[in-house]
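Chain by chain, the residues run as shown.
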Amino acid sequence: MDTDLDALLRSLRVWDPEVTRLPGFDPREAPADPLDLFTEWFAQAVAAGEREPHTMSLATADAGGDPDVRVVMLHGADAQGWAFATHAGSRKGRQLADRPHAALLFYWPVLGRQVRVRGPVTAAPRDEARTDLHARSTGALAAALTGAQSELLGSLGELDRASAAAWQRAEAAPDTEAPSWTLYRLRPDEVEFFQGDARRRHVRLRYRARAEQEKREGREESGWVRELLWP
């Protein structure tokens with residue numbers, strides 16, 4: 001099919017009013033902790049009909065500083081950080097071992113909202129990773145058992161055979177271990193909330209973890225400094 005990419009791009013709209021509602025956002029009313037605002041916005045995205053609000057882009061870098069990004073699923077968010085999981089030997093697992101920092105991006109177009117999170121990443125204790133995996137579906141366990149993520153694959157037939165065997169194991173023994181499956185937590189240094197505006201007067205509110213000097217001087221009541229950014 002001969003497609004004119006430029007013409008196709010020009011035909012598309014951002015935040016089409018037929019499918020998008022841009023709510024107001026007053027940063028003066030935002031809570032002191034970014035996790036509280038994230039929880040509120042996440043619930044609103046679900047209520048607005050966002051199909052996969054729990055998916056997020058995860059950006060990491062290798063030992064040489066070359067970046068990678070992919071879409072993964074949020075496994076939870078609490079005072080310990082934003083959680084996701086993967087195999088320790090996967091590309092992202094290896095990159096996190098070399099450079100234990102990452103960035104997350106949530107995009108909820110039905111509300112014209114983005115949330116950006118970045119900071120250091122640590123691996124959760126093994127028992128927490130095990131509990132997290134076995135709380136999920138049989139398919140999630142089968143996928144974890146299928147094979148060596150990010151390694152070269154000889155053929156689709158090889159994948160079919162490995163997947164079939166993994167499904168059989170997952171269904172027959174739902175407590176089967178996946179030793180390389182690792183739960184990671186990103187503990188944020190910064191969390192930014194972006195609210196789109198039809199007249200492009202977008203609101204950007206950044207929460208920045210207070211530096212040690214600011215903590216000693218007691219400049220803020222909470223552990224976060226809130227700052228507005230130009231769109």
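Residues numbered from 1 in each chain as written. Predicted model: local features only at pLDDT ≥ 70, side-chain atom pairs only at ≥ 80, totals over all residues. Heavy atoms only, no water.

## A few points about the overall build of the chain
Along the chain, the regular secondary structure elements total seven helices and ten strands. Counting only C-alpha atoms, the chain reaches 60 × 55 × 40 Å along its principal axes. Relative to its 231 residues, the chain shows a buried fraction of 35%. Considering only contacts within the chain whose residues lie at least 6 apart along the sequence, 65% involve residues at least 24 apart. Of the roughly 14000 Å² of accessible surface on the chain, 51% is carried by carbon and sulfur atoms. Of the side chains in the chain, 31 bear a positive and 36 a negative charge, and the two mean positions are spaced by 3 Å. (Helix = DSSP H or I, 4+ residues; strand = E, 2+ residues; numbered from the N terminus. Buried < 20%, exposed > 50% of the residue type's maximum accessible area, 1.4 Å probe, protein only. Contact = heavy atoms within 4.5 Å. Areas by Shrake-Rupley, 256 points an atom, 1.4 Å probe, with all protein chains shown as cover. Lys, Arg positive; Asp, Glu negative; His and termini not counted. Charge placed at Lys NZ, Arg CZ, Asp CG, Glu CD.)

## Some points on the pattern of salt bridges
Overall, the coordinates contain twelve salt bridges when judged by the stated rule. Glu-177 serves as the salt-bridge partner of Arg-126, at 3.6 Å between the closest nitrogen and oxygen. Here the residue Arg-126 occupies a position in helix H4 (residues 126-134), and Glu-177 occupies one in the loop between helix H6 (156-172) and strand S7 (181-186), the gap between them amounting to 51 residues. With relative accessibility at 34%, the residue Glu-177 sits in the partly exposed group. (Salt bridge = Lys/Arg side-chain N within 4 Å of Asp/Glu carboxyl O.)

## Some thoughts on the pairing of strand S6 (residues 113-123)
With eight bridges connecting them, strand S5 (residues 101-108) and S6 associate as antiparallel partners. Residue pairing for S6: His-101 is matched across the bridge by Pro-120. Where S5 hands over to S6, the hairpin turn is made up of four residues, of which Gly-112 adopts a positive phi near 65°. Bridge count for S6 against strand S8 (residues 190-195) is six bridges, and the pairing is antiparallel. Counted as the bridge partner of Arg-116 is Glu-192 from S8. Examined bridge by bridge, S6 and S7 share three bridges and lie antiparallel to one another. Each bridged residue has a counterpart across the sheet, and for Thr-122 the counterpart in S7 is Arg-185. (Pairing = 2+ DSSP bridges.)

## Some remarks on the packing of helix H5 (residues 138-146) against H6
Helix packing for two helices is described by the angle between their axes and how far apart those axes are. Interaxial distance between H5 and H6 falls to 8 Å at its minimum, and their mutual angle equals 130°. Classed by the angle they form, the pair H5 and H6 counts as oblique. Seen along the crossing, H5 lies across H6 with a hand that is right-handed. Judged by residue contacts, Thr-138, Gly-139, Leu-141, Ala-142, Leu-145 and Thr-146 of H5 engage Leu-159, Ala-162, Ser-163, Ala-166, Trp-167, Arg-169, Ala-170 and Glu-171 from H6. Its residues placed into classes, the contact of H5 with H6 shows eight nonpolar, four polar and two charged. (Axes fitted to C-alpha atoms, helices over the stretch in contact; angles between N-to-C directions. Parallel < 35°, antiparallel > 145°, perpendicular 65-115°, else oblique. Left-handed = near helix turned anticlockwise from the far one by under 90°. Nonpolar A, V, L, I, M, F, W, Y, C, P; charged D, E, K, R; others polar.)

## What to know about the layout of surface pockets
Considered as a void within the structure, the largest pocket measures approximately 500 Å³ in volume. If you go around the largest pocket, you meet 24 residues; those closest to its centre are His-87, Ala-143, Ala-144, Gly-147 and Gln-149. Looking at the lining of the largest pocket, the elements that each hand over two or more residues are strand S2 (67-73), strand S4 (81-87), H5 and H6. Looking at which element gives the most residues to the lining of the largest pocket, the answer is H5, with four residues. Residues of the lining of the largest pocket, tallied by class, amount to 14 nonpolar, six polar and four charged. (1 Å grid on protein atoms, 1.4 Å probe; cavity = no way out; pocket = protein on both sides within 12 Å on 5 of 7 lines; lining within 4 Å. Points joined across faces, edges and corners; volume = space filled by probe spheres on them.)

## Re the side chain of Thr-60
Inspection of the secondary structure assignment puts Thr-60 in strand S1 (residues 55-61). Residue class for Thr-60 comes out buried when judged on its relative accessible area of 4%. With near-sequence residues (within four places) excluded, Thr-60 lies in contact with Asp-66, Pro-67, Asp-68, Arg-70, Lys-92, Gln-95, Leu-96 and Ala-102.

## Observations regarding the environment of Gln-80
With respect to the helices and strands, the residue Gln-80 is situated in the loop between strand S3 (76-78) and S4. Spatially, the C-alpha atom of Gln-80 lies 36 Å from that of Leu-153, the residues being 73 residues apart in sequence.

## A look at the pairing of S7
Among the six residues of S7, six are classified as buried, and the element is accordingly described as predominantly covered. Of the two faces of S7, both are covered, the one formed by Trp-181, Leu-183 and Arg-185 as well as the one formed by Thr-182, Tyr-184 and Leu-186. As paired strands, S4 and S7 are joined by six bridges and run antiparallel to one another. Of the residues in S7, the one forming a bridge with Thr-86 is Thr-182.

Note that all results are geometric; they support no functional claim without further evidence.
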